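Structure at a glance
As a plain string of letters, each chain reads:
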Amino acid sequence: MPSVYFDFPDHQLAFSLIPGCLPSGLLASLAPLTGSDDQTEKDWGAWEKFAVAKTDLLERKHDRKIFAILRNPWDRIAALFSDQDNNQTPNEFFSFVSKIAPDSLATDSDYLAPQTQFLTGKGQLMIPDMTLRFERLNDDFKLFQSAILENAGIEIHDLPPQTFQSQLTPTIYERRTRVAIRQLYASDIQGFHYHFPAASLA
């Protein structure tokens, strides 16, 4: 995904689509915004003409309703690990997390960068008008659809069934891994009030 920020000036809407936080099928659901109902999940072509730099979005934020999808950092990193490693044991996961260098989080990969990095500019957090939480996306997306219909008069398609799946499983997380991610992503955890769900504890 080459871009993160998208601006739709005709509708006064903007999006921050943070890597590692997006459910499959999202593009097809949002296709009406681009004027194309034929868009597929992997087709970013129709979106690129709406791509903007973060500095541009910061300058326009007072004239836009900004939307962002956030994801629990523990879940986000576990999902990234599951996509890259077939040997999904607690030891392998801890090894994976241990190799994430705190000093290079912002430059190594957009998929490793804290979510606050994408929403911070000019020394302040750019608070979206609506944040959709990955872990409760079915409910939040309905509110999002209503907001877009009210503000832009556009009907957004429903997300496909079973669009997302949490990776917070007791079989993969050990206490040392939970602590390591808490330290690495303290800004996300504090800024967006995330916690490790008690139901997922081993």
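Residues numbered from 1 in each chain as written. Predicted model: local features only at pLDDT ≥ 70, side-chain atom pairs only at ≥ 80, totals over all residues. Heavy atoms only, no water.

With 86% of its residues at a pLDDT of at least 70, the protein chain reaches an overall mean of 84. Ranking the elements of the protein chain by mean pLDDT puts helix 6 (residues 105-108) last with 67 and helix 9 (residues 175-184) first with 94. (pLDDT = per-residue confidence, 0-100. Helix = DSSP H or I, 4+ residues; strand = E, 2+ residues; numbered from the N terminus.)

Under the counting rule described, the total for this entry stands at one cavity of 30 Å³ or more. A volume near 60 Å³ is recorded for the largest cavity. Lining the largest cavity, in full, are Phe15, Ser16, Leu17, Leu26, Leu30, Phe67, Ala68, Ile69, Leu132, Phe141 and Phe144. Broken down by secondary-structure element, the contributors of at least two residues to the lining of the largest cavity are strand 2 (13-16), helix 1 (26-34), strand 4 (65-70) and helix 8 (137-152). Taken together, the residues of the lining of the largest cavity sort by class into ten nonpolar, one polar and no charged. (1 Å grid on protein atoms, 1.4 Å probe; cavity = no way out; pocket = protein on both sides within 12 Å on 5 of 7 lines; lining within 4 Å. Points joined across faces, edges and corners; volume = space filled by probe spheres on them. Nonpolar A, V, L, I, M, F, W, Y, C, P; charged D, E, K, R; others polar.)

The next thing to look at is the packing of aromatic side chains. One pass over the structure, following the stated rule, counts 14 aromatic pairs. Considering the side-chain rings of Trp74 and Phe196, the 5.6 Å spacing of their centres and the 90° angle between planes classify their relative orientation as edge-to-face. Note that Trp74 is positioned in helix 4 (residues 73-84) and Phe196 in the segment after helix 10 (186-191), a separation of 122 residues in sequence. Aromatic pair Phe93 and Tyr173: ring centres 5.0 Å apart, planes at 85°, arrangement edge-to-face. In this pair, Phe93 is assigned in helix 5 (residues 90-98) and Tyr173 in the loop between helix 8 and helix 9, connecting sequence segments 80 residues apart. Just as Phe93 is buried, Tyr173 falls in that class too. Members of the aromatic cluster, each reached through a chain of ring pairs, are Phe6, Phe8, Phe15, Trp47, Phe50, Phe67, Phe141 and Phe144. The ring of Phe94 has Arg176 lying over it, and the distance from NZ or CZ to the ring centre is 3.9 Å. (Phe/Tyr/Trp six-rings, centres within 6.5 Å; stacked < 30°, edge-to-face > 60°. Buried < 20%, exposed > 50% of the residue type's maximum accessible area, 1.4 Å probe, protein only. Lys NZ or Arg CZ within 6 Å of the ring centre and 35° of its normal.)

The α-helix advances 3.6 residues per turn, and as a result positions three or four apart in sequence lie on the same side. Buried within helix 5 are the following residues: Phe93, Phe96 and Val97. For helix 5, the buried positions fall inside an angular range of 95° around the axis, keeping them on one side. Tucked into the core, helix 5 has its buried residues touching helix 4 and helix 9. (Arc of directions from axis to C-beta. Contact = heavy atoms within 4.5 Å.)

Here we take up the nonpolar core. Within the largest apolar cluster, 39 residues are counted, with the highest numbers of intra-cluster contacts made by Phe15, Leu30, Leu33, Phe141, Phe144, Ile148 and Ile156. Looking at this core, the elements with two or more residues in it are strand 1 (5-8), strand 2, helix 1, helix 3 (54-60), strand 4 and helix 8. Ignoring any residue separated from it by four or fewer positions in sequence, one finds Leu30 in contact with Trp47, Phe141, Phe144 and Ile156. Formed by 19 residues, the second largest nonpolar core is a distinct cluster that contains Ile77, Tyr173, Ala180 and Ile189. (Core = buried A, V, L, I, M, F, W, Y, C linked by side-chain atoms within 4.5 Å.)

Between two packed helices, both the angle of their axes relative to each other and the distance between the axes serve to describe the pair. Remark: helix 5 packs on helix 9, axes separated minimally by 10 Å, with the N-to-C direction vectors making an angle of 20°. Taken together, the axis directions place helix 5 and helix 9 in an arrangement best described as roughly parallel. As helix 5 runs across helix 9, the sense of the crossing is left-handed. Each of Asn91, Phe93, Phe94 and Val97 in helix 5 lies in contact with helix 9, whose residues at this interface are Arg176, Thr177, Ala180, Ile181 and Leu184. Split by residue class, the contact of helix 5 with helix 9 holds six nonpolar, two polar and one charged. (Axes fitted to C-alpha atoms, helices over the stretch in contact; angles between N-to-C directions. Parallel < 35°, antiparallel > 145°, perpendicular 65-115°, else oblique. Left-handed = near helix turned anticlockwise from the far one by under 90°.)

A word on the side chain of Asp188. Relative to the helices and strands, Asp188 resides in helix 10. The side chain of Asp188 is buried and forms no salt bridge, while Arg76, the nearest opposite charge, is found at 4.5 Å. With near-sequence residues (within four places) excluded, Asp188 lies in contact with Pro73, Arg76, Pro114, Gln115, Thr116, His193 and Tyr194. (Lys, Arg positive; Asp, Glu negative; His and termini not counted. Salt bridge = Lys/Arg side-chain N within 4 Å of Asp/Glu carboxyl O.)

With that out of the way, let us pick up the sheet that holds strand 1. With mixed pairing, five strands are arranged side by side in an open sheet as 3-1-2-4-7. Sheet topology places strand 3 (51-52) and strand 7 (130-133) at the edges, where each strand pairs with a single neighbour. Examined bridge by bridge, strand 2 and strand 4 share four bridges and lie parallel to one another. Within the sheet, the bridge partner assigned to Ser16 lies in strand 4 and is Ala68. Against the sheet, helix 8 contacts strand 2, strand 4 and strand 7, and its axis sits at roughly 150° relative to strand 7. (Pairing = 2+ DSSP bridges.)

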